[in-house]
Amino acid sequence: MTKPQGPKGQLQGDIFWSNGQQPLAEAQVALLKAVEQSGSISKAAKLVGISYKTAWDRIDAMNNMSSQALVSRTTGGAQGGGTRLTEHGLRIVAGFEQLQDEHRRFIAQLGHKVQSLNDVASFMKGGSLHTSARNQFRGLIRRISASAINAEVELDIGAGQPLVAMITRDSVERLGLLEGSEVIALVKASSVIVSTDTAIQTSARNKLVGKVARVLTGSVNSDITIDIGGNKAVSAIVTNESAKNLALAEGIEACALFKAPSVILLKEG
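Definitions and cut-offs
Residues numbered from 1 in each chain as written. Predicted model: local features only at pLDDT ≥ 70, side-chain atom pairs only at ≥ 80, totals over all residues. Heavy atoms only, no water. Salt bridge = Lys/Arg side-chain N within 4 Å of Asp/Glu carboxyl O. Helix = DSSP H or I, 4+ residues; strand = E, 2+ residues; numbered from the N terminus. Buried < 20%, exposed > 50% of the residue type's maximum accessible area, 1.4 Å probe, protein only. Axes fitted to C-alpha atoms, helices over the stretch in contact; angles between N-to-C directions. Parallel < 35°, antiparallel > 145°, perpendicular 65-115°, else oblique. Contact = heavy atoms within 4.5 Å. Nonpolar A, V, L, I, M, F, W, Y, C, P; charged D, E, K, R; others polar. Pairing = 2+ DSSP bridges.

What follows deals with the pattern of salt bridges. In the structure shown here, the tally under the stated rule is 12 salt bridges. Its salt-bridge partner being Asp57, residue Arg134 comes within 3.3 Å of it at the nearest N-O pair. Of the two residues, Arg134 sits in the loop between helix 4 (87-113) and strand 3 (135-146) while Asp57 sits in helix 3 (residues 52-65), which places them 77 residues apart along the sequence. Residue Arg134 is classed as partly exposed on the basis of its relative accessible area, which comes to 28%. By relative accessible area, Asp57 is classed as partly exposed at 22%. With its nearest N and O atoms 2.9 Å apart, the salt bridge here joins Glu152 to Arg143. The class for Glu152 is buried, based on a relative accessible area of 16%.

This part takes up the packing of helix 2 (residues 41-48) against helix 3. Helix 3 packs onto helix 2 with a crossing angle of 105° between their chain directions and a minimal axis gap of 8 Å. Between helix 2 and helix 3, the crossing angle belongs to the class labelled roughly perpendicular. Contacts from Ile41, Ser42 and Ala45 in helix 2 reach Tyr52, Ala55, Trp56 and Ile59 in helix 3. Looking at the contact of helix 2 with helix 3, its residues break down into 6 nonpolar, 1 polar and no charged.

This part is about the pairing of strand 6 (residues 182-187). Taking burial as the measure, the 6 residues of strand 6 include 5 buried ones, the bulk of the element. In this sheet, strand 12 (residues 264-266) lies alongside strand 6 in antiparallel orientation, the contact comprising 3 bridges. Bridge pairing in strand 12 links Leu186 to Ile264.

Residues other than glycine seldom take positive phi values, yet Asn231 does so here, at roughly 55°. The residue Asn231 is located in the loop between strand 9 (221-229) and strand 10 (232-239) in this model. The exposure class assigned to Asn231 is partly exposed, which follows from its relative accessible area of 22%. One non-glycine residue, Ala247, adopts positive backbone phi at about 55°. Within the secondary structure, Ala247 sits in the loop between helix 6 (240-245) and strand 11 (253-258). Ala247 sits in the exposed class, given a relative accessible area of 51%.

Moving on: the sheet that holds strand 4 (residues 150-156). Within the open sheet, the 5 strands sit side by side as 5-4-3-6-12. Their pairing is antiparallel. Of all strands in the sheet, those with a lone pairing partner are strand 5 (162-168) and strand 12, marking the two edges. Pairs of neighbouring strands in the sheet enclose a mean axial angle of 45°, with direction left out of account. In this structure, strand 3 lies alongside strand 4, joined through 6 bridges in antiparallel fashion. Bridge pairing in strand 4 links Leu140 to Asp156.

So, in structure tokens, the structure goes:
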């Protein structure tokens, strides 16, 4: 009696590209290509089958974590504004597509040599950092001021405005932080206060000034995104009542305020 054969397997694989910064995956590249094709984040979201909010969040994350902006947003003008990839973004997409072509050829050649995929327990598994913090910035340490217990760490995140973290001196030593080191700063959106008075003086060590780029209103809270320059953005969650009282709308000047102890620093490697 012949033993029934299971379905024939096919070798597959995904490609992730990283230069020591945030890994770039096919879904992110597909979104970048859709942005360049459509000139609109909302249209790009529909093209790749994700929500408008998800598209915005992914683009903000890619810009915030990249040494150079990948996506540039403009408003007004003769062309009515729009969204396009920067030259750096276009180079990244082109380079990734070349890697994909080479990867497909590699998988095809390797697939001919694999006799039984059922004998392969695991192949390669890549991971990436997952966090509930909405705001993630990659930056270089410009200054460390240490006291007996705490240390103030000033970062250059590429927005023309410094970001300051307050951590323990023990954390500085444990992470091996030095001036010139590259770190990732995390700030929860719920820790960010929004003000339309950009000249306001508070005890909060961080005041990142820019313009409101997006207002998403929910049943109770509003999701506010502030463009702080250098194609970097800060997200904040405020009540709908606060958003109404501040008259928050796209294009108005605003600042994101948060305390230095609210910033968490991560170091890769």
